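Per-entry structural report
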Amino acid sequence: MIFEDRDDAARQIIPLLQTYKDEDAVVLSVPRGGVPIGYHIAMAYHFPMDILLTKKIGFPGNPELAVGAVSLEDEVLDDRFTMDPEYIEQETVTIRKALRDRYKTFMGDRQPVDLEGKTVIIVDDGIATGNTIIAAIRMIRKRKPLKIVVAVPVAPFRTVVKLRELVDDLICVSAPEDFYGVGQFYSDFTQVSDAEVVQLLKEAAGHAAAFK
């Protein structure tokens, strides 16, 4: 299956989320590509929207090897690695500052949405290995949501199987066996700019406020 663009992908996901239309839900979009999709979902169901920011902690000397991940509020560590606590603390502080700066760029002075007791719908324009989302799910669980739902247009079948065990619901329009990258499933996979993200988040915030 090929999506025309992210708007087309959102149109195909929206009906699949009908079950949650009356729930106290919040859309968490992964910037930047997940924001246009999350925007359409939030507008369709009048849900508030926030962004999901995480960054991996790299192994010393091999930054591509993830030994943990950090969000604005939490961190998770891979217990397969024995790491110097001082290194982890320094990396966490550095990463969290960068995430806060990025959050301010996108959200201004708005505070992150409280997830406790809510249905959290995590949205991206596609998932490859799922490792980043898995780390995010573990951190979100600490914030005591009622449910965690992942909603994406496309992900490889093996990743879908892996993620289903970790969430309350997983909505994936297409789960091909042959998967080389998210972009191969879009006719238009133009990069989303920071300015577009800011504008969409602002519009979604105004819309959600009007339906409180």
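Structural notes, computed from the coordinates. All values derive from a computational prediction rather than experimental measurement. (Residues numbered from 1 in each chain as written. Predicted model: local features only at pLDDT ≥ 70, side-chain atom pairs only at ≥ 80, totals over all residues. Heavy atoms only, no water.)

1. Some details on the pairing of strand E4 (residues 62–71)
Our working definition: For two strands to pair, DSSP has to find at least two bridges joining them. Per the convention used, a helix needs a DSSP run of H or I reaching at least four residues, while a strand needs a run of E reaching at least two, with both numbered from the N terminus.
Relative to E4, strand E3 (residues 54–59) runs antiparallel, the two being bridged by 6 bridges. Within E4, the residue paired with Gly-58 across the bridge is Ala-66. Linkage of E3 to E4, two consecutive antiparallel strands, is achieved through a turn of 2 residues, within which Gly-61 is found at a positive phi near 85°. Once E4 ends, the chain turns through 3 residues before running back antiparallel as strand E5 (residues 75–77).

2. Some points on the packing of aromatic side chains
Rules: Pairing of aromatic rings covers Phe, Tyr and Trp, the last counted by its six-membered ring, and requires centre-to-centre distances within 6.5 Å; plane angles under 30 degrees mean stacked, over 60 mean edge-to-face, and any other angle means tilted. Partly exposed describes any residue whose relative accessible area lies between the buried limit of under 20% and the exposed limit of over 50%, with all areas from a 1.4 Å probe on protein chains only and scaled to the type maximum.
All told, the structure shown has 5 aromatic pairs when counted by the stated rule. Considering the side-chain rings of Phe-3 and Tyr-186, the 5.6 Å spacing of their centres and the 40° angle between planes classify their relative orientation as tilted. One end of the pair, Phe-3, is in the segment before helix H1 (6–13); the other, Tyr-186, is in the loop between strand E8 (169–174) and helix H6 (194–210), and 183 residues separate them in sequence. You can call Tyr-186 buried: its relative accessible area is 5%. Where Tyr-45 meets Phe-47, the ring centres are 5.5 Å apart and the plane angle is 25°; that geometry is what we call stacked.

3. Details of the pairing of strand E1 (residues 25–29)
The element E1 is extensively covered by neighbouring structure, given that 5 of its 5 residues are classed as buried. Covered by surrounding structure in E1 are Ala-25, Val-27 and Ser-29 together with Val-26 and Leu-28, the residues of both alternating faces. Relative to strand E6 (residues 119–123), E1 runs parallel, the two being bridged by 5 bridges. Residue pairing for E6: Ser-29 is matched across the bridge by Val-123. Pairing of E1 with strand E2 (residues 49–51), which is carried by 3 bridges, proceeds in the parallel orientation. Note on E2: the bridge partner recorded for Leu-28 is Asp-50.

4. Regarding unusual backbone geometry
Following Pro-31, the chain continues to Arg-32 via a peptide bond in cis, the omega torsion being 5°. Summarising the element assignment, Arg-32 is placed in the loop between E1 and helix H2 (34–45). Even without glycine at this site, His-46 takes up a positive phi of about 60°. Mapped onto the fold, His-46 is located in the loop between H2 and E2. With a phi close to 60°, Lys-144 is a non-glycine residue in the positive phi region. Here Lys-144 is to be found in the loop between helix H4 (131–141) and strand E7 (147–154). Since its relative accessible area comes to 57%, Lys-144 is described here as exposed.

5. A closer look at the pattern of salt bridges
Stated formally: Just to be clear on terms, a salt bridge is a Lys or Arg side-chain nitrogen sitting within 4 Å of an Asp or Glu carboxyl oxygen.
Counted according to the given criterion, the structure contains 12 salt bridges. With its nearest N and O atoms 3.0 Å apart, the salt bridge here joins Asp-125 to Arg-6. Residue Asp-125 is located in the loop between E6 and H4, and its partner Arg-6 is located in helix H1; the two are separated by 119 residues in the primary sequence. Per residue, the accessibility class of Asp-125 equals that of Arg-6, and both read buried. Two residues, Asp-78 and Arg-80, come together in a salt bridge whose shortest N-O distance is 2.6 Å. Classification of Arg-80 by relative accessible area gives exposed; the value is 67%.

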